[in-house]
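# Chain and residue survey
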Amino acid sequence: MKLSVPDNYRPLLGLRDTEVAIKKLKDYFEDALAYELYLTRVSAPLFVKPETGLNDNLNGTERPVDFDLLDDNNARVEVVHSLAKWKRMALGRYGFQKDEGLYTDMNAIRRDEELDNIHSIYVDQWDWEKVLDKSMRHETYLHTTVEKIYNAFLKTENYIYQEYPVLEKRLPPQVTFVTSEELLEKYPSLTPKERENAICEKHGAVFIRNIGHALSDGERHDGRAPDYDDWNLNGDLLFWNPILGNALELSSMGIRVCENSLTEQLAIAGCEDRASLPFHSMVLDKSLPYTIGGGIGQSRICMFFLQKAHIGEVQSSIWPDEMIAECEASNILLL
């Protein structure tokens, strides 16, 4: 457990006003995102069968929550970590065409999260995915998509500021793009997280591209599963959070693997055995559409725009007794 307590912290909105603001903010951003990316809302699963290969393996070490089904011969299912793979299959099954996409509310339990101000075992995010042509799998299209998402953030900031003038605007007019290798070259003596903090404090909003491959120093900027994002065409969107004095990741996204990048990344990760799973086989035989997609943290958006010090101020979750007591003593009002 890690907890950072800002000096002289006072929430700008009380508990009841916070609950009202969360609903307003989520509704507005959801509509803005759907408009910017031309997305249709769909229903999505809370759990999947592990043999389908549909669950997100995240960094490859997190343990999914699983349980058995009474009415299905005691088959086991896993609570999703995210819907990165399921969304791509849904786009093909539902008949979405180029430049059309879907989004959904994704709820997950990540039992191995180390709890702190921005990490909870309960994850709530908007998962979205769009169809593209293979010819569109390039940096320019990725950047254009990031800029559209950022425009939804700017609209949301203007809206919530008008609703609650006590809040302060923080976002710069444009997002800054940098690759993970460029970030290493710029801050060679810093750790990856320290580099994120340095670049975000300077620019306010940053998209760090190309996450997954080893960098020139032999280390990876961050871990990525080998079977959904193309490590050469993905990235994280981070905002500077002055309350905690660090970078806050709001979204992880990317152009998804094609048959070639999937083969390459499975080999690098030593996961070639996954190639025989249904999802992976469909990517390799090109029976799934080429897509771009990602997740956008709902509670983290609320935490950022409502200027809270702890994610537990905008979502109801489980916290250690020690953390609860320290939050209560520090004016951090957990839901």
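Residues numbered from 1 in each chain as written. Predicted model: local features only at pLDDT ≥ 70, side-chain atom pairs only at ≥ 80, totals over all residues. Heavy atoms only, no water.

## Side note on the UniProt feature "domain: Aminoacyl-transfer RNA synthetases class-II family profile" (unreviewed entry) in the protein
So the rule is basically this: UniProt positions are given in the numbering used here, feature names are shortened, and annotations may be inferred rather than shown by experiment. The secondary structure listing takes helices from DSSP runs of H or I that are at least 4 residues long and strands from runs of E that are at least 2 residues long, numbered from the N terminus.
UniProt's entry tags residues 111–320 with the feature "domain: Aminoacyl-transfer RNA synthetases class-II family profile" (unreviewed entry), counted in the numbering of this structure. Secondary structure across residues 111–320 comprises 33% helix and 25% strand; the distance between its end C-alpha atoms is 13 Å.

## Looking at empty space enclosed by the protein
Note the following rule: In this analysis, the protein atoms alone were mapped onto a 1 Å grid. Cavities are point sets where a 1.4 Å probe fits without being able to get out; pockets are open sets with protein on both sides within 12 Å along at least five of seven lines; lining residues have an atom within 4 Å of a point. Grid points are joined across faces, edges and corners, and a volume is the space filled by probe spheres set on the points. Throughout this entry, Asp, Glu, Lys and Arg are counted as charged residues, while Ala, Val, Leu, Ile, Met, Phe, Trp, Tyr, Cys and Pro are counted as nonpolar. The remaining residues, Gly among them, count as polar.
For the coordinates displayed, the defined rule picks out two cavities of 30 Å³ or more. Volume-wise, the largest cavity comes out at about 50 Å³. Looking at the lining of the largest cavity, the elements that each hand over two or more residues are helix 3 (139–163) and helix 8 (298–305). Its residues assigned to classes, the lining of the largest cavity shows five nonpolar, one polar and four charged. As a volume, the second largest cavity reaches approximately 40 Å³. For the second largest cavity, the full set of lining residues is Pro11, Leu13, Gly14, Leu15, Thr18, Lys308, Glu313 and Leu333. When the residues that make up the lining of the second largest cavity are grouped by side-chain class, the tally is four nonpolar, two polar and two charged.

## Quick notes on the sheet that holds strand 10 (residues 246–256)
Keep this limit in mind: Any two strands between which DSSP finds at least two bridges are classified as paired. To define axes, lines are fitted to C-alpha atoms, for helices over the stretch in contact only, and angles between the resulting N-to-C directions are given on a 0 to 180 degree scale.
One open sheet holds the eight strands; their spatial order is 1-5-6-11-10-9-8-7, and the pairing between them is mixed. Each end of this open sheet is capped by a strand with a single partner; those strands are strand 1 (39–41) and strand 7 (176–179). Adjacent strand axes in the sheet meet at a mean angle of 25°, parallel and antiparallel pairs treated alike. As defined by bridge partners, strand 10 adjoins strand 11 (residues 290–297) across five bridges and the pair is classed as antiparallel. Bridging from a neighbouring strand, serine 251 pairs with isoleucine 296 of strand 11.

## Points about the packing of aromatic side chains
Each aromatic ring pair is described using two quantities: the centre-to-centre distance and the angle formed by the ring planes. Put simply, the test is: Pairing of aromatic rings covers Phe, Tyr and Trp, the last counted by its six-membered ring, and requires centre-to-centre distances within 6.5 Å; plane angles under 30 degrees mean stacked, over 60 mean edge-to-face, and any other angle means tilted. A simple rule labels every residue: compare its accessible area, found with a 1.4 Å probe on the protein chains alone, to the largest value its type can have, and call it buried under 20%, exposed over 50%, or partly exposed in between. Consider the ring centre and the ring normal. A charge sits over the ring if Lys NZ or Arg CZ is within 6 Å of that centre and within 35 degrees of that normal.
Taken as a whole, this structure holds 11 aromatic pairs when the rule is applied. An angle of 65° between the planes, with centres 5.9 Å apart, marks the rings of phenylalanine 177 and phenylalanine 207 as edge-to-face. Placement of phenylalanine 177 in strand 7 and of phenylalanine 207 in strand 8 (residues 205–209) is noted, with a sequence separation of 30 residues between them. A residue is classified by how much of its surface remains accessible, and phenylalanine 177, at 23% relative accessible area, is partly exposed. Ring centres of phenylalanine 304 and phenylalanine 305 lie 5.3 Å apart, and the angle between their planes is 75°; this geometry places the pair in the edge-to-face category. Of the two residues, phenylalanine 304 and phenylalanine 305, both sit in the buried class. An aromatic cluster of three or more residues is present, and its members are Phe29, Trp126, Tyr150, Phe153, Phe239, Phe304 and Phe305. The side chain of arginine 170 reaches across the aromatic face of phenylalanine 304, ending 5.8 Å from its centre.

## What about the nonpolar core?
Test applied: Residue types Ala, Val, Leu, Ile, Met, Phe, Trp, Tyr and Cys, when buried and joined through side-chain atoms within 4.5 Å, form a set referred to as a nonpolar core. Contact criterion: two residues are considered in contact whenever any of their non-hydrogen atoms come within 4.5 Å of each other.
In terms of nonpolar packing, the biggest core is built from 61 residues, with Trp128, Ile149, Phe153, Phe239, Ile296, Ile301 and Leu306 touching the most fellow members. With 10 residues, the top contributor of residues to this core is helix 3. Phenylalanine 153 has contacts with Phe29, Leu171, Leu237, Phe239, Leu250, Ile296, Ile301 and Phe305, leaving out every residue within four places of it along the chain. With 21 residues, the next largest nonpolar core counts Ala90, Phe96, Leu102 and Phe279 among its residues.

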